[in-house]
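For reference, the chains in residue letters:
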Amino acid sequence: MAEGWFPKWRLKGAGEGAIVAPDERLSLLQTGVMGVQHAVAMFGSTVLAPLLMGFDPNLAILMSGVGTLIFFLIVGGRVPSYLGSSFAFIGVVIAATGYAGSGANPQIGLALGGIIVCGLVYALIGLVVMALGTGWIERLLPPVVTGAIVTMIGLNLAPVAVASVSNSAFESWMAMVTVLCIGFAAVWSRGLAQRLLILLGLLSAYLVYAVVANGFGLGTPIDFSPVFEAPWLGLPVFSSPSFELGAIALIAPVAVILVAENLGHIKAVGAMTERNLDPWIGRAFLGDGVATMVSGSVGGTGVTTYAENIGVMAVTRVFSTLIFVAAALLAILLGFSPKFGALIQTIPGPVLGGTSIVVFGLIAVAGARIWLQNGVDLGDTKHLIVIAATLVLGAGNFHLAIGGFTLDGIGTATFTAILLNLILVRRSRV
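Note that the structure is a prediction, hence the values are computed from the model and not measured. (Residues numbered from 1 in each chain as written. Predicted model: local features only at pLDDT ≥ 70, side-chain atom pairs only at ≥ 80, totals over all residues. Heavy atoms only, no water.)

### A short note on the layout of surface pockets
Phase 1: Counted as a void, the second largest pocket has a volume near 1100 Å³.
Phase 2: Along its surface, the second largest pocket is lined by 50 residues, and Tyr-99, Ser-102, Gly-103, Gln-345 and Leu-352 are the ones closest to its centre.
Phase 3: Contributions of two or more residues to the lining of the second largest pocket are made by helix H1 (28-53), helix H2 (57-74), helix H6 (143-163), helix H7 (169-188), helix H16 (338-345) and helix H17 (349-373).
Phase 4: At six residues, the largest contribution of residues to the lining of the second largest pocket is made by H17.
Phase 5: Grouping the constituent residues of the lining of the second largest pocket by class yields 28 nonpolar, 19 polar and three charged. (1 Å grid on protein atoms, 1.4 Å probe; cavity = no way out; pocket = protein on both sides within 12 Å on 5 of 7 lines; lining within 4 Å. Points joined across faces, edges and corners; volume = space filled by probe spheres on them. Helix = DSSP H or I, 4+ residues; strand = E, 2+ residues; numbered from the N terminus. Nonpolar A, V, L, I, M, F, W, Y, C, P; charged D, E, K, R; others polar.)

In structure tokens, the structure reads:
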């Protein structure tokens with residue numbers, strides 16, 4: 001009998017084992033509660049990424065929900081994942097638009113055009129994987145390459161984070177307070193709270209800022225009037241894309257990162273569920289790519305599968321894909337609340353800048369973690385050359401003129417990592 005597009009979710013009964021599989025379900029109430037937990041898990045990063053790029057965080061939340069539903073439909077409810085704002089776009093969006101790090105991004109249209117093309121490339125890769133399998137991707141993007149690219153992105157963003165909090169001594173000190181708050185949250189939080197350490201640290205720093213600025217007048221006070229004036233329900237701020245070759249050339253290669261990220265996440269979930277999810281990898285790429293295109297077409301960020309939600313699944317042992325439908329519906333509801341968006345916009349610049357310092361550092365460390373987890377031999381000269389060239393080109397923001405446009409540090413380093421690895425691997429086998 002042919003298998004349908006969607007599984008027939010079976011109700012998980014009490015005493016049937018600790019793991020709830022992707023094709024099993026909990027009661028309606030339990031599904032709703034678990035959906036709230038996953039919405040909370042994705043919230044911090046899904047809001048932070050658009051703020052760092054000058055996008056509307058309300059719209060990002062809304063489109064994360066829409067994107068997750070698109071992904072759910074395309075994978076046929078077979079792969080448990082939540083799609084949130086991707087941090088891989090931050091560096092290239094800032095480079096393409098010249099965003100200064102505060103307020104709305106005046107060149108958001110350029111970024112959106114690049115995001116849409118990136119989603120298209122990603123979706124096309126998904127179709128190829130559906131036809132040919134994933135072997136060619138694993139040869140093109142081995143761990144030494146993906147780790148180098150991810151680390152390079154974090155290092156490339158470092159000057160942006162530091163510059164955003166260097167306008168005054170007060171801003172610099174508040175940025176350091178934010179770093180310390182996140183550090184304390186990382187050390188002292190436990191369980192699910194530890195999955196939200198960035199959000200908890202940011203909220204703690206927000207309260208400190210409110211006390212010293214609004215209470216003691218030591219900095220620019222937080223203006224809460226927009227929050228009181230905003231309605232509870234309304235539309236977020238939509239934006240239209242524009243397509244410019246230079247911006248597209250900068251942003252479209254992010255598809256490489258999204259492929260590697262999604263592939264790793266699916267492998268991880270497959271291992272935790274003891275299910276072979278490889279047959280759905282092509283669909284997962286396609287779903288993520290289409291969701292990114294839809295998000296970018298209305299003003300939202302590019303999206304990706306979220307490790308935060310994989311962490312929640314690892315803790316709860318609940319992998320039912322229906323939980324992500326509940327989380328997505330909650331995100332869509334929050335996206336239609338201007339009051340919620342106005343509250344997010346009150347986050348002070350120094351607090352956001354301090355958070356950026358930690359987040360960009362974590363991105364860099366995530367690349368090193370890829371090397372460690374996959375046993376990359378850093379004593380291998382071939383690996384050292386690939387990593388060394390990639391990191392310096394990216395961290396130094398090395399620009400390369402190609403025809404009528406210029407490839408920035410992230411794009412140059414990404415293509416260098418891929419080409420160097422292909423050349424050196426082939427040479428080592430001769």
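Next comes the rest of the account.
### Considerations on the packing of H2 against helix H13 (residues 281-298)
Phase 1: Packing of H2 against H13 leaves a shortest axis separation of 8 Å and a crossing angle of 150 degrees. Taken as axis vectors, H2 and H13 run roughly antiparallel relative to one another. Taken as a pair, H2 and H13 cross one another with a handedness that is right-handed. Here H2 contributes Leu-59, Met-63, Gly-67, Ile-70, Phe-71 and Ile-74 to the contact with H13, which in turn contributes Arg-283, Ala-284, Leu-286, Gly-287, Asp-288, Val-290, Ala-291, Val-294, Ser-295 and Val-298.
Phase 2: The class makeup of the residues in the contact of H2 with H13 is eleven nonpolar, three polar and two charged. (Axes fitted to C-alpha atoms, helices over the stretch in contact; angles between N-to-C directions. Parallel < 35°, antiparallel > 145°, perpendicular 65-115°, else oblique. Left-handed = near helix turned anticlockwise from the far one by under 90°. Contact = heavy atoms within 4.5 Å.)

### So, empty space enclosed by the protein
Phase 1: Using the criterion set out here, one finds two cavities of 30 Å³ or more in the structure.
Phase 2: The volume enclosed by the largest cavity comes to roughly 60 Å³.
Phase 3: Every residue along the wall of the largest cavity is listed here: Val-92, Ile-153, Leu-250, Pro-253, Val-254, Ile-257, Ile-410, Gly-411 and Thr-414.
Phase 4: Broken down by secondary-structure element, the contributors of at least two residues to the lining of the largest cavity are helix H12 (254-273) and helix H19 (409-429).
Phase 5: Element by element, the count of residues in the lining of the largest cavity is highest for H19, at three residues.
Phase 6: In terms of residue class, the lining of the largest cavity is built from seven nonpolar, two polar and no charged.
Phase 7: In this structure, the second largest cavity encloses a volume near 30 Å³.
Phase 8: Along the walls of the second largest cavity sit Thr-68, Phe-71, Phe-72, Val-75, Val-79, Pro-80, Ser-81, Thr-321 and Phe-324, which together make up its complete lining.

### Thoughts on the nonpolar core
The tendency in soluble globular proteins is for nonpolar side chains to be buried side by side.
Phase 1: Of all hydrophobic cores here, the largest spans 105 residues; its most connected members are Phe-87, Phe-89, Ile-90, Ile-251 and Phe-285.
Phase 2: When near neighbours in sequence (up to four residues on either side) are disregarded, Phe-87 contacts Ser-45, Leu-48, Ala-49, Leu-52, Tyr-306, Val-359 and Ile-363. (Core = buried A, V, L, I, M, F, W, Y, C linked by side-chain atoms within 4.5 Å. Buried < 20%, exposed > 50% of the residue type's maximum accessible area, 1.4 Å probe, protein only.)

### Notes on the side chain of Ser-320
Phase 1: Note that Ser-320 resides in the loop between helix H14 (307-316) and helix H15 (322-335).
Phase 2: Leave out the neighbours within four places in its chain, and Ser-320 touches Val-20, Ala-21, Pro-22, Glu-24 and Arg-25.

### Details of H7
Phase 1: With 20 residues, H7 ought to run about 28 Å at 1.5 Å a step, and its terminal C-alpha atoms sit 29 Å apart, in line with that.
Phase 2: Those residues of H7 that sit buried are Glu-171, Met-174, Ala-175, Thr-178, Cys-181, Ile-182 and Ala-185. Buried residues along H7 cover an arc of 115 degrees about the axis, so they all sit on one side. Counted as exposed and oriented over 90 degrees from the buried face of H7: Ala-169, Trp-173, Phe-184, Val-187 and Trp-188. (Expected span 1.5 Å × (residues − 1). Arc of directions from axis to C-beta.)

### Looking at H15
Phase 1: A rise of 1.5 Å per residue sets the reference length of H15, with its 14 residues, at 20 Å; its end C-alpha atoms lie 20 Å apart and thus fit the reference within 8%.
Phase 2: The complete set of buried residues in H15 reads Ile-323, Phe-324, Ala-327, Ala-328, Ala-331, Ile-332 and Gly-335.

### As for the packing of aromatic side chains
Phase 1: Inspection of the entire model under this criterion finds five aromatic pairs.
Phase 2: Measuring from centroid to centroid gives 5.8 Å for Tyr-122 and Phe-285, while their planes differ by 40 degrees, and the two rings are tilted. Residue Tyr-122 is located in helix H4 (residues 108-132), and its partner Phe-285 is located in helix H13; the two are separated by 163 residues in the primary sequence.
Phase 3: Judged by its relative accessible area of 0%, Tyr-122 is buried. (Phe/Tyr/Trp six-rings, centres within 6.5 Å; stacked < 30°, edge-to-face > 60°.)

### Some points on the packing of H1 against H2
Two packed helices can be described by the angle between their axes and the distance between those axes.
Phase 1: Interhelical geometry of H1 versus H2 gives an angle of 130 degrees and a closest axis separation of 8 Å. The angle between H1 and H2 places the two elements in the oblique class. Between H1 and H2 lies a crossing of right-handed hand. The residues of H2 that touch H1, namely those facing Met-42, Phe-43, Thr-46, Val-47, Pro-50 and Leu-51, are Pro-57, Ala-60, Ile-61 and Ser-64.
Phase 2: Among the residues making up the contact of H1 with H2, the classes are represented as eight nonpolar, two polar and no charged.

### Observations concerning the side chain of Asp-288
Phase 1: Position of Asp-288 relative to the elements: it lies in helix H13.
Phase 2: One buried charged side chain, Asp-288, makes no salt bridge at all; its nearest oppositely charged neighbour is Arg-283, positioned 15 Å away.
Phase 3: Among the polar contacts listed, one links the side chain of Asp-288 to the side chain of Tyr-122, at a separation of 3.0 Å.
Phase 4: Excluding anything up to four places from it in sequence, Asp-288 contacts Phe-71, Leu-83, Tyr-122, Asn-262, Val-303, Thr-304 and Thr-305. (Lys, Arg positive; Asp, Glu negative; His and termini not counted. Salt bridge = Lys/Arg side-chain N within 4 Å of Asp/Glu carboxyl O. Polar contact = N/O pair within 3.5 Å; in protein donor to acceptor, adjacent residues only side chain to side chain.)

### Observations concerning the environment of Tyr-306
Phase 1: On the secondary structure map, Tyr-306 appears in the loop between strand E4 (303-305) and H14.
Phase 2: In the structure, Tyr-306 is positioned 59 residues away from Val-365 in sequence and 17 Å away in space, judged by C-alpha atoms.
Phase 3: Contacts of Tyr-306, omitting those with residues within four sequence positions, involve Met-42, Ser-45, Thr-46, Tyr-82, Gly-84, Ser-85, Phe-87 and His-265.
Phase 4: At 2.5 Å, the side chain of Tyr-306 and the backbone oxygen of Ser-85 are in polar contact.

### A closer look at unusual backbone geometry
Phase 1: A positive phi is found at Asn-397, a non-glycine position, where the angle reads about 50 degrees.
Phase 2: Here Asn-397 is to be found in the loop between helix H18 (381-395) and strand E5 (400-402).
Phase 3: Classification of Asn-397 as partly exposed rests on a relative accessible area of 31%.

### Here we look at the pattern of salt bridges
Phase 1: Scanning all chains against the criterion turns up two salt bridges.
Phase 2: When the shortest N-O distance is used, the salt bridge between Arg-10 and Glu-24 registers 2.7 Å. Note that Arg-10 is positioned in strand E1 (residues 10-11) and Glu-24 in strand E2 (residues 24-25), a separation of 14 residues in sequence.
Phase 3: Given a relative accessible area of 38%, Arg-10 falls into the partly exposed group.
Phase 4: For Glu-24, a relative accessible area of 9% translates into the label buried.
Phase 5: Among the ionic pairs, Asp-23 bridges to Arg-275, the shortest N-O distance being 3.2 Å. In this pair, Asp-23 is assigned in the loop between E1 and E2 and Arg-275 in the loop between H12 and H13, connecting sequence segments 252 residues apart.

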